[in-house]
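In case you want the letters, here they are:
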Amino acid sequence: MLRKRAKFSLFALQFSAFRIVPPAALITIALSKGRIFDEAVPLLAAAGVATSEDPETSRKLILSTNRSDVRVIIVRATDVPTYVQYGAADVGVAGKDVLDEHGGRGLYQPLDLKIARCRMMVAVKEGFDYQQAVRQGARLRVATKYVQTAREHFAGKGMHVDLIRLYGSMELAPLVGLAEAIVDLVSTGHTLKANGLCAVEEIAPVSARLIINQAALKLKRDAVQPLLDAFGRAIA
Ligand code: PRT
Ligand code: MG
């Protein structure tokens, strides 16, 4: 009886005139360290969010922020859409390259944040006549981490290619005879140049997008919308 009464008074306290505002929903933001985190910091600042620690020096994977209703988790760039898709994070920042490979299931992509910009390119060894190979209908071996993107691109051109999946250092493949071409991201072009490669075709411009879990946008709209608005104003 006493316990029942205690429970009731706790309930009454929570919903009394002093507590009509429900506790704010916790928002989890998924970011990858490196260029995405670095370039997202000013956007977070515009939304009044600052992490308590720098992911480059901290080993923590969950970072608290100056706001008790917002935390940041640090994950691999390619894993950001997965965390957001399953609702382990409500919001995330991911490159268009990563989103195209993921497929975007369960995600809203309301904003192009225009950060971490680069281009998805086809590149070959200097001296390799790519246009001639295309004209002749040669069957090229193409090494890439971006298999979906590459498949769609070459299918769109009506080219038959053999795709070889790699997980990094694609620039090496044409140099050692693994492939005639690569599909990779290029920003300054220094990496291609340093390895005797050149870009021969642009597939698409790439930048990072804000992504939101579809259920979170409905269930936590009061908390998510101000973040979305602040990001939108900061990039305008
Ligand atoms: O590095 P890690 O294996 O942990 O993961 P990741 O490469 O997926 O993450 P990260 O942080 O390197 O990249 C995150 C996102 O930044 C990518 O998903 C892209 O959307 C974006 N971005 C922008 C880039 C680049 N620019 C870029 N230049 N991602 C990678 N690169 C690489 C490129 O693959 C190549 O190896 O940089 C090299 C070329 O750079 P330049 O300047 O020499 O042309
Ligand atoms: Mg990288």
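Further up the page is the structure itself.
In this text the structure is predicted, and so the values were computed from the model without any measurement.

Visitor: Could you give an account of the overall build of the protein chain, naming the residues involved and the relevant values?
Guide: Across its full length, the protein chain holds 10 helices and 11 strands. Counting over 236 residues, the protein chain shows a buried share of 39%. Considering only intrachain contacts with a sequence separation of at least 6, the fraction spanning at least 24 residues in the protein chain is 67%. Only carbon and sulfur atoms are counted for the fraction: they give 55% of the accessible area of the protein chain, which is about 13500 Å².

Visitor: Would you mind going over helix H2 (residues 35-46) in detail, with residue names and values included?
Guide: Of the positions making up H2, those classed as buried are Ile 36, Phe 37, Ala 40, Leu 43 and Leu 44. Relative to the axis of H2, the buried residues are bounded by an arc of 115 degrees and lie together on one face. Turned more than 90 degrees off the buried face of H2, the exposed positions are Arg 35 and Pro 42. Check the buried side of H2 and you find it contacts strand E1 (27-31), strand E3 (70-74), strand E4 (91-95), strand E11 (208-213) and helix H10 (221-235).

Visitor: Before we move on, can you summarise the nonpolar core with the specific residues and values?
Guide: One broad rule of soluble globular proteins: the nonpolar side chains tend to lie buried together. Counting residues in each nonpolar core, the largest one holds 29 residues, and the members touching the most others are Ile 29, Leu 210 and Phe 231. Secondary structure elements with two or more residues in this core: E1, H2, E3, E4, E11 and H10. Setting aside chain neighbours within four positions, we find Leu 210 in contact with Val 91, Gly 92, Val 93, Tyr 108, Gln 109, Pro 110, Leu 111, Leu 113, Leu 228 and Phe 231. Core analysis: the next-biggest nonpolar cluster, separate from the first, contains 27 residues, Leu 140, Ala 173, Val 186 and Leu 192 among them.

Here is what the cut-offs are and how they apply
- Along each chain, the written sequence defines residue order, and numbers are assigned to residues from 1.
- Think of it this way: whatever chain is written first is A, whatever ligand is written first is 1, and the rest follow in order.
- Where totals are concerned, whole chains, interfaces and linings use all residues; where local detail is concerned, this predicted model gives features only for residues with pLDDT of at least 70, and gives and counts side-chain atom pairs only at 80 or more.
- Neither water nor hydrogens contribute to the side-chain values; these are computed over all heavy atoms in the structure.
- We count a stretch as a helix when DSSP gives it H or I for four or more residues in a row; a strand needs E for two or more, and each element gets its number in order from the N terminus.
- A simple rule labels every residue: compare its accessible area, found with a 1.4 Å probe on the protein chains alone, to the largest value its type can have, and call it buried under 20%, exposed over 50%, or partly exposed in between.
- By definition, residues are in contact when any of their heavy atoms lie within 4.5 Å.
- A 1.4 Å probe and the Shrake-Rupley method give the accessible areas. Residues count as covered only by the protein chains that appear here.
- In this context, the arc is that of the directions from the helix axis out to the C-beta atoms.
- Here the nonpolar core consists of buried residues drawn from Ala, Val, Leu, Ile, Met, Phe, Trp, Tyr and Cys, with membership extended through side-chain atoms lying within 4.5 Å.

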